[in-house]
Amino acid sequence: MSSFMLSCESTADRTAAFFAEHDIAYICFHYEVDGKTYLDDLYQSTTSEQFFASIAAGAQPKTSQVGTGEYIDFWEPSLKEGKDVLHVSLSSGISGTYNSACLAAQQLRERYPERRIRVIDSLAASAGYGLLMEYLADLRDAGSTFDELADWAEAHKLNVHHWFFSSDLTSFIRGGRISKASGVLGTALKICPLMNVDNTGHLIPREKIRTKKRAIAQMVKTCMEHIDGGAAYTGKVCMSQSACRADAEAVADALVEQMPQLAGKIDINDIGTVIGSHTGPGTVALFFMGDARVD
C-alpha cells in the first residue's frame, strides 16, 4: 500500500477497471443532456454506443469541470489517514480544473499542514492523460517516492504525444474549433483534420487531409517521426476512439506493420463522455512517448 494517494480525473479516459488495477483514484467531471446532469463515470451508467448515438441523433451535451469543494471531499479522507496526495489534472489548455484543484489543495494544506499535496498540470487529455498516469503508477509500484514521481511527471509530460483525426466535423463546428464555413466545405470534400495537443496543452489543427485512408496513413507517418527510438520503440502505445473502433483498429494495424513488437499491446479505449461531448463520434486518437512537444 502506497504512502500517498495518486489521483487524476475521469477525463483520462481509461476504464474503471484500469484505475482499480493500477491503484489510481479518480474524480468525475460532469455532463448535461436535455437539462439532466450526469457523472462522467467511465461508462458505468451508460455505454459509449448509447452516448455517441445520442449525439449523432442531435443531442448537444454540455460539460462542467470538477469544483473546488469536490476536490476537498475527494482528497480529505486520505489526508485524514495520514497520506500525502499527488494529483495530476486535465490539461489547463483545455479546462480550468487545474486551477480549481490548486485552490482546493491550498485550503487543505491549511487544515493539514503536516501533509503534502501536489497538483501537476498534465498538459494532456483523454487516453494520453491516461497513458501518463499508467507510467506514474508503474514507477510508484517500482518504488519511486512521492517527490521522484512528481518530478518525473513534470520532466516527461511533454513527451506524451497526442494525435487526433476526425471523420465527423459536426461537434467541432458546434464547439467553435472549426468555423461553420470550413466545416461545411470540409465535410463535402471528406476532409479529416489531423490535430495534436501542443506544448501548452491546447488542441491545435495541423493538417487538412482528404479521406480517412490518407488521414490514417499520415497519423502513422507522424508517429514514426516522433516516437521514442523510431521503429525500435519499446514504450507504451494507447488509443481512444468515439464510435469508430474499426478506424482505430486500422491505425493500430498500420502501426504494427511498422513496429511488429507492438502486436497485441496497443490498448484501444473509448473516448469518455466529457471529451466526447466536444469531439462527437468519428474521432480517433493516438498516444505514445516521443520527443518533447515544442509547439
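In the block above lies the structure referred to throughout.
To keep things clear, this report deals only with the structure shown in the data block. All values reported here derive from a predicted model rather than from experimental measurement.

Re the packing of aromatic side chains
Here is step 1: On inspection of all chains with the given rule, the structure shows 9 aromatic pairs.
Here is step 2: Ring geometry for Phe164 and Phe287: centres 5.8 Å apart, planes at 85°, overall edge-to-face. Separated by 123 residues along the polypeptide, Phe164 in strand 8 (residues 160–166) and Phe287 in strand 13 (residues 283–289) bring together distant segments of the chain.
Here is step 3: Put simply, the rings of Tyr31, Tyr38, Phe51 and Phe52 touch in pairs and so form one group of aromatic residues.
Here is step 4: Over the ring of Phe18 we find Arg14; its NZ or CZ atom is 4.1 Å from the centre of that ring.
Here is step 5: Just above the ring of Tyr135 sits the side chain of Lys236; from NZ or CZ to the centre is 5.6 Å.

Looking at the nonpolar core
When a protein is soluble and globular, its nonpolar side chains tend to lie buried together.
Here is step 1: Within the largest apolar cluster, 79 residues are counted, with the highest numbers of intra-cluster contacts made by Trp75, Phe165, Tyr233, Met239, Val251 and Leu255.
Here is step 2: Per-element tally for this core: the top contributor is helix 5 (residues 126–141), with 8 residues.
Here is step 3: If we ignore the near neighbours within four places in the chain, the residues touching Leu255 are Val220, Cys223, Val237, Ile266 and Leu286.
Here is step 4: One finds Val33, Phe52, Ala59 and Ile271 within the second-largest nonpolar core, a separate group that totals 9 residues.

Focus on the pattern of salt bridges
Here is step 1: Taken as a whole, this structure holds 15 salt bridges when the rule is applied.
Here is step 2: Between Asp84 and Arg116 there is a salt bridge whose closest N-O contact spans 3.3 Å. Residue Asp84 is located in strand 6 (residues 84–89), and its partner Arg116 is located in the loop between helix 4 (97–111) and strand 7 (117–121); the two are separated by 32 residues in the primary sequence.
Here is step 3: On the accessibility criterion, Arg116 (37% relative accessible area) is partly exposed.
Here is step 4: Salt-bridge contacts for Arg118 lead to Asp151; the nearest nitrogen and oxygen are separated by 3.4 Å. Note that Arg118 is positioned in strand 7 and Asp151 in helix 6 (residues 146–156), a separation of 33 residues in sequence.
Here is step 5: By relative accessible area, which is 26% here, Arg118 ends up partly exposed.
Here is step 6: Judged by relative accessible area, which is 44%, Asp151 ranks as partly exposed.

Topic: the environment of Gly264
Here is step 1: Along the polypeptide, Gly264 turns up in the loop between helix 10 (245–258) and strand 12 (266–270).
Here is step 2: Gly264 sits 11 residues away from Asp253 along the chain, and the two C-alpha atoms are 9.8 Å apart.

Cut-off values and rules
Residues numbered from 1 in each chain as written. Predicted model: local features only at pLDDT ≥ 70, side-chain atom pairs only at ≥ 80, totals over all residues. Heavy atoms only, no water. Phe/Tyr/Trp six-rings, centres within 6.5 Å; stacked < 30°, edge-to-face > 60°. Helix = DSSP H or I, 4+ residues; strand = E, 2+ residues; numbered from the N terminus. Lys NZ or Arg CZ within 6 Å of the ring centre and 35° of its normal. Core = buried A, V, L, I, M, F, W, Y, C linked by side-chain atoms within 4.5 Å. Buried < 20%, exposed > 50% of the residue type's maximum accessible area, 1.4 Å probe, protein only. Contact = heavy atoms within 4.5 Å. Salt bridge = Lys/Arg side-chain N within 4 Å of Asp/Glu carboxyl O.

Take it as geometry only, folks, not as evidence of what the structure does.
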